[in-house]
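Coordinate inspection notes
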Amino acid sequence: MPKTKGESIFFTAITAWMMVYVMTLYNTVIAMGSFTNAAFLIALKGMWIEYIIIALLAYFVSGHLAKMCAFRVVQPGDRPIFIIFSIQIFTVIWQVLFASVLGVYHGYGFTSNFLPDYLTTYCSNFVMALPLQLIIVGPLARLIFRTLFINHKKEKSTNEIQNDDEKIVAKTM
């Protein structure tokens, strides 16, 4: 979908924001033991450092690793939906791998129980992150992206066509 570096940064930023907010909300609810209205604000206030880290990891590390892994499963000529799902699944695998380190640090600290805490955190986050990415965040991010960039390009193309038509008319007069 993104064609330029700027579009890719924007797409990564909105996808990462949605994922980090919902996953922070999810982990906040787990830590609080109940889902209250306060959880929405607590998650929004507490997500920003993680957002920056996760967005940078998504753009510079996870995205590349996910594509590398995905194209071992699918081929460039396969149906686009299979390619999208494959990339999304591997992105979730890598992002949850990195984000769970942050989750263990916030939840338990780096103790001698790091490995069991990490595996528990990874599994609980993966179970939430995969359907969230495939069903809600991925489609919503693509919709936002298409609305802002592709419709804008269509308007630009229409204006270019109109300008070309005006130039043709002006030459014939």
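Predicted model, so just to flag it, every value in this text is computed and none were measured.

**Comments concerning the overall build of the protein chain**
A count of helices and strands for the protein chain gives five helices and zero strands. Out of the 173 residues belonging to the protein chain, those deemed buried represent 31%. Restricting to contacts in the protein chain with at least 6 residues of sequence separation, those with at least 24 account for 64%. Working note: accessible area of the protein chain is about 11100 Å², and carbon and sulfur atoms make up 70% of it.

**Details of a nonpolar patch on the surface**
Taken together, the side chains of Trp17, Leu41, Leu44 and Trp48 define a hydrophobic patch exposed on the protein surface, amounting to about 360 Å² of accessible area. As for its position among the elements, tryptophan 48 is in helix α3 (residues 48-70).

**Here's the deal with the confidence of the model for the protein chain**
Taken as a whole, the protein chain shows an average pLDDT of 88; of its residues, 87% reach a score of 70 or greater. The element-level mean pLDDT for the protein chain is lowest in helix α5 (residues 114-172), coming to 78, with α3 highest at 95.

**Some points on α3**
Relative to the 33 Å expected for 23 residues at 1.5 Å per residue, α3 spans just 29 Å between its end C-alpha atoms, considerably shorter than the ideal helical length. Within α3, the axis deviates most sharply at alanine 58, by approximately 55°. Listed as buried for α3 are Glu50, Tyr51, Ile54, Ala55, Ala58, Tyr59, Ser62, Gly63, Ala66, Cys69 and Ala70. Structurally, α3 contributes buried residues whose contacts are with α1 (5-32), α2 (38-46) and α4 (80-107).

Here is what the cut-offs are and how they apply
Just so you know, the residues in each chain are numbered from 1, in the order the chain's sequence is written. Residue-level local features of this predicted model are given only where pLDDT is at least 70; pairs of side-chain atoms are given and counted only at 80 or more, and the full residue set underlies all totals for whole chains, interfaces and linings. Side-chain descriptors were evaluated using all non-hydrogen atoms of the structure, hydrogens and water having been removed beforehand. Only DSSP runs of H or I with at least four residues qualify as helices, and only runs of E with at least two residues qualify as strands; both kinds are numbered from the N terminus onward. With a 1.4 Å probe rolled over the protein chains alone, any residue whose accessible area is under 20% of its type maximum counts as buried; one over 50% counts as exposed, and the rest are partly exposed. Any two residues whose heavy atoms approach within 4.5 Å at even a single point are treated as in contact. For every accessible area listed, the method is Shrake-Rupley and the probe measures 1.4 Å; residues are considered covered only by the protein chains on display. The patches described consist of residues with a relative accessible area above 30% and no salt bridge, like charges being joined within 9 Å and nonpolar side chains (Val, Leu, Ile, Met, Phe, Trp, Tyr) within 5 Å. For this analysis, a salt bridge means a side-chain nitrogen from Lys or Arg found within 4 Å of a carboxyl oxygen belonging to Asp or Glu. pLDDT gives the predictor's per-residue confidence on a scale running from 0 to 100. Here a helix's expected span is defined as the number of its residues, less one, multiplied by 1.5 Å. Two axes define the bend at a residue: one fitted to the seven residues ending there, one fitted to the seven starting there, and the bend is the angle between them.

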